[in-house]
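Coordinate inspection notes
Each chain is listed here by its residues.
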Amino acid sequence: MSSLEDQVRDWHQGVLAVASEDWDRALCLFSDVQEPRAKMYFNMGCVSLMAGDPKAALRAFDQAVTKDPCMAVGFFQRGVANFQLERFQEAVSDFQLALAQLRGNAAIDYTQLGLYFKLHAWEVLYNTASAQCQAGLWTKAADTLEEAISKRPEGAQDILDTALDQVQKQVPLQLRQVPKGEVFQPPRKYLQHLEPMDFLGKAKVVASVIPDNRSSDGWPQKRSQMELVGHQSSASMGGHMSRAQCYSLLASGGPDPGPPEDSSEAGGTAAEDPESLVTVTVQCHLTVPLKAPRGTDLSSLRTLLAQALLHQAQRGQLSYQAPRDKFWTPISTEDSLQSAWRNVAVGSRGLHLQCRGAWGRPVLYQVVARHSYTARRPEDLDFRQGDTVDVLCEVDEAWLEGHRDGCIGIFPKCFVVPAGACVEAGAVPGPKPGDGH
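Below is a summary of the structure that appears in this document. Position numbers for residues count from 1 along each chain, tracking the sequence in the order it is written. Two thresholds apply to this predicted model, a pLDDT of at least 70 for residue-level local features and 80 or more for giving and counting side-chain atom pairs, whereas whole-chain, interface and lining totals are computed over all residues. The side-chain figures draw on all heavy atoms in the structure; neither hydrogens nor water molecules are used.

Remarks on the overall build of the protein
For clarity, the cut-off: Numbered from the N terminus, helices here are DSSP runs of H or I no shorter than four residues, and strands are runs of E no shorter than two. Categorising residues by exposure relies on relative accessible area from a 1.4 Å probe, with only protein chains included: less than 20% of the type maximum marks a residue as buried, more than 50% marks it as exposed, and the intermediate range marks it as partly exposed. Two residues qualify as a contact provided that any one of their heavy atoms is within 4.5 Å of a heavy atom in the partner residue. For accessible areas, the Shrake-Rupley method is used with a probe of radius 1.4 Å. Any residue's cover is judged against the shown protein chains and nothing else.
In terms of helices and strands, the protein carries 13 helices and 14 strands. Across the 437 residues that make up the protein, the buried fraction comes to 46%. When contacts within the protein are restricted to residue pairs at least 6 apart in sequence, those whose partners lie at least 24 apart make up 58%. When the accessible surface of the protein is totalled, it reaches about 22,900 Å², and 49% of it is carbon and sulfur.

Overview of the environment of Ser20
Positionally, Ser20 belongs in the loop between helix H1 (4-19) and helix H2 (23-32). For Ser20 and Gly181, which are 161 residues apart along the polypeptide, the C-alpha to C-alpha distance reads 8.9 Å.

Observations concerning helix H5 (residues 72-84)
Keep this limit in mind: By this rule, a helix spans an expected 1.5 Å times one less than how many residues it contains.
Here H5 contains 13 residues, and its C-alpha end-to-end distance of 19 Å stays within 8% of the 18 Å for a straight helix at 1.5 Å per residue. Judged by how many residues are buried, H5 sits mostly within the fold: 12 of 13 residues are covered. On its buried face, H5 is in contact with helix H3 (38-50), helix H4 (54-67), helix H6 (88-101), strand E1 (107-109), strand E2 (118-120) and helix H7 (121-134). A positive backbone phi angle near 60° is found at Glu86, which sits one or two residues after H5.

So, the nonpolar core
For clarity, the threshold we go by: Residues grouped as a nonpolar core are buried Ala, Val, Leu, Ile, Met, Phe, Trp, Tyr and Cys residues, joined through side-chain atoms within 4.5 Å.
Ranked by internal contacts, the top residues of the largest apolar core, which has 49 residues, are Val18, Phe30, Phe42, Val73, Phe95 and Leu119. Contributions of two or more residues to this core are made by H1, H2, H3, H4, H5, H6 and H7. A total of 9 residues in this core trace back to one element, the largest contributor, which is H3. Beyond its immediate chain neighbours, meaning those up to four positions away, Val18 contacts Trp23, Ala26, Phe30, Val47, Met50, Gly181 and Val183. Counting 32 residues, the second-largest nonpolar core is a separate cluster that includes Leu160, Leu164, Leu400 and Phe411.

A closer look at the packing of aromatic side chains
Let me state the cut-off plainly: Any two rings among Phe, Tyr and Trp, with Trp reduced to its six-membered ring, count as a pair given centres within 6.5 Å; such a pair is stacked if its planes are under 30 degrees apart, edge-to-face if over 60, and tilted if neither. Either the NZ atom of lysine or the CZ atom of arginine qualifies as a charge over a ring when it sits within 6 Å of the ring centre and within 35 degrees of the ring normal.
Tallied over the full model, the rule gives 9 aromatic pairs. Arranged with centres 5.9 Å apart and planes meeting at 40°, the rings of Tyr373 and Phe383 form a pair that is tilted. Of this pair, Tyr373 sits in the loop between strand E10 (365-369) and strand E11 (388-394) while Phe383 is found in the loop between E10 and E11, placing the two residues 10 residues apart along the sequence. The exposure class of Tyr373 is buried, given its relative accessible area of 3%. With relative accessibility at 3%, the residue Phe383 sits in the buried group. Taken together, Phe42, Phe61, Tyr110 and Phe184 form an aromatic cluster joined through their ring pairs. Looking at Arg176, its charged tip hangs above the ring of Tyr126, at a distance of 5.9 Å from the centre.

A short note on the environment of Phe411
Inspection of the secondary structure assignment puts Phe411 in strand E13 (residues 407-412). Residues Phe411 and Trp399, spaced 12 residues apart in sequence, show a C-alpha to C-alpha distance of 5.7 Å. If near-sequence neighbours (up to four positions away) are discounted, Phe411 is found in contact with Val367, Tyr373, Leu381, Phe383, Val389, Ala398, Trp399, Leu400, Glu401, Gly402 and Val416.

As for the pairing of strand E12 (residues 399-404)
To be explicit about the condition: Here, a strand pair is defined by DSSP locating no fewer than two bridges between the strands.
The element E12 is largely enclosed, with a buried count of 6 among its 6 residues. Residues of E12 alternate between two faces, with Trp399, Glu401 and His403 on one and Leu400, Gly402 and Arg404 on the opposite face, all of them buried. As paired strands, E11 and E12 are joined by 4 bridges and run antiparallel to one another. Bridged to Val391 within E12 is Gly402.

Describing the sheet that holds E13
Stated precisely, the cut-off is as follows: Each axis is a line fitted through C-alpha atoms, taken for helices only over the stretch in contact, and angles between the N-to-C directions span 0 to 180 degrees.
Across the sheet, which stays open at both edges, the 5 strands sit in the order E13-E12-E11-E10-E14 with antiparallel pairing between neighbours. In the strand order of this sheet, the two ends are held by E13 and strand E14 (416-418), each with one partner. Between one strand axis and the next, the sheet turns through 45° on average, direction left out of account. Where E10 lies against E14, 3 bridges are found, and the strand directions are antiparallel.

Some thoughts on the packing of H1 against H2
Working note: a packed helix pair is described by the angle between its axes plus the distance between those axes. What counts here: With respect to orientation, any angle under 35 degrees is reported as roughly parallel, any angle over 145 as roughly antiparallel, any angle of 65 to 115 as roughly perpendicular, and every other angle as oblique. When the near helix sits turned anticlockwise from the far one by under a right angle, the crossing is termed left-handed; a clockwise turn instead gives a right-handed crossing. Under the scheme applied here, ten amino acids are nonpolar (Ala, Val, Leu, Ile, Met, Phe, Trp, Tyr, Cys and Pro), four are charged (Asp, Glu, Lys and Arg), and all others, including Gly, are polar.
As a packed pair, H1 and H2 sit with axes 8 Å apart at the nearest point and diverge in direction by 165°. Between H1 and H2, the interaxial angle falls into the category roughly antiparallel. As H1 packs across H2, the resulting crossing turns out to be left-handed. Contact with H1, carried on its side by Asp10, Trp11, Gln13, Gly14, Val15, Ala17 and Val18, involves Trp23, Arg25, Ala26, Leu29, Phe30 and Asp32 of H2 and no other residues of that element. Across the contact of H1 with H2, the residue classes break down as 8 nonpolar, 2 polar and 3 charged.

Some words on a nonpolar patch on the surface
The cut-off we apply is this: Within this analysis, patches are made of residues with over 30% relative accessible area and no salt bridge. Like charges are joined at 9 Å or less; nonpolar side chains (Val, Leu, Ile, Met, Phe, Trp, Tyr) at 5 Å or less. A pairing counts as a salt bridge when a side-chain nitrogen of Lys or Arg comes within 4 Å of a carboxyl oxygen of Asp or Glu.
Side chains of Val278, Val280, Val282, Leu318 and Trp341 sit close together on the surface and give an oily, nonpolar patch of about 360 Å² of accessible area. Within the secondary structure, Val280 sits in strand E5 (residues 280-285).

What about the pairing of E13?
In terms of burial, E13 is largely enclosed, as 5 of its 6 residues are buried. Looking at chain direction, E12 and E13 are connected through 6 bridges and run antiparallel. Bridge pairing in E13 places Gly402 opposite Gly409. Hairpin connection of E12 to E13: 2 residues between the antiparallel strands, including Asp405 at a positive phi of 50°.

Keep in mind these numbers describe shape, not what the thing actually does.
Below, the structure is given as structure tokens:
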């Protein structure tokens, strides 16, 4: 029989496998935990959903709610599995069971239990209506949404109003579920007692290059793996190491690679005449994944970081800043780049570019905060008025997922405006009560 330490280690490694989207590995690790409890079956169900196997997910969620009949989020996710299997009546029943386990509360916050998710009563009712639509029960779906609206849920009024309008036009609703990648994590107090170990033979390291020499003293909430946070500049670099959870690596910087030996390789063509050369300034703000053997020396680690940044720079979103322009314009086509070159021909400051990316994900566009937003949940992204945020995903009508200063999270759309929009101080009304959580 495996020890408690081994079981916690398998659980933790399974969470890391989920973070890297290695579904087979995650299922294997969660299944290895002896006498699994409801949380573990819930994790297996979520992984099966992410792997596209709703039948396996349904079996796992069955076990989860059998082990814990009060697990509202378990019934909620089982309803999602039934919905994907087109068992809409069963899905309606599961969502009603989830609502019953809320026991009249507006929400249940599972953060303290290791799952970064807050299940709201309005979300359960919304999913109930979604399943009723698929079953052809349009009138019942409208009644369900009106019940949700009558509870005046904070931050969801617009979503529910839009949903009701869709149902009245007999347009199906898109189902809501626990965000992809979120599973129950082992209690932190157990992780602190684990000995340093080698995850899957190699440590998973994530590097975040943060401008203005601002190092992060916290870890991104959605990543429970080793992380390297650093700042790259043209000055000489140094580094230090510290522990976090099992063990974590905190390094500062990397070597200045210097100019290329052959300038003809940098841009494809070389110009003989110095007067035809234009200074190109590129600001980089990237988050890159690295794999490094445990015990790697600092010099080798910096070499890996330089290689990873080169790869990431090729995938990042290039943007152009015109002379006397405050905002950045994405360069998505050859025509947009040539337009930037034409503008720089009449200027003396050179070409200013920006290369941005996060976790290997493309940046859709940028927004500017018109109001400060304070994170209220672990998955939130906070910012101050005037900050620029990279938008990675449009979660729904009211929420966006974004990236700023090496951190990723969600935030209300009403707190920001598209980059380039003219917003004068005092001209924009403040957010409505309930726009946050």
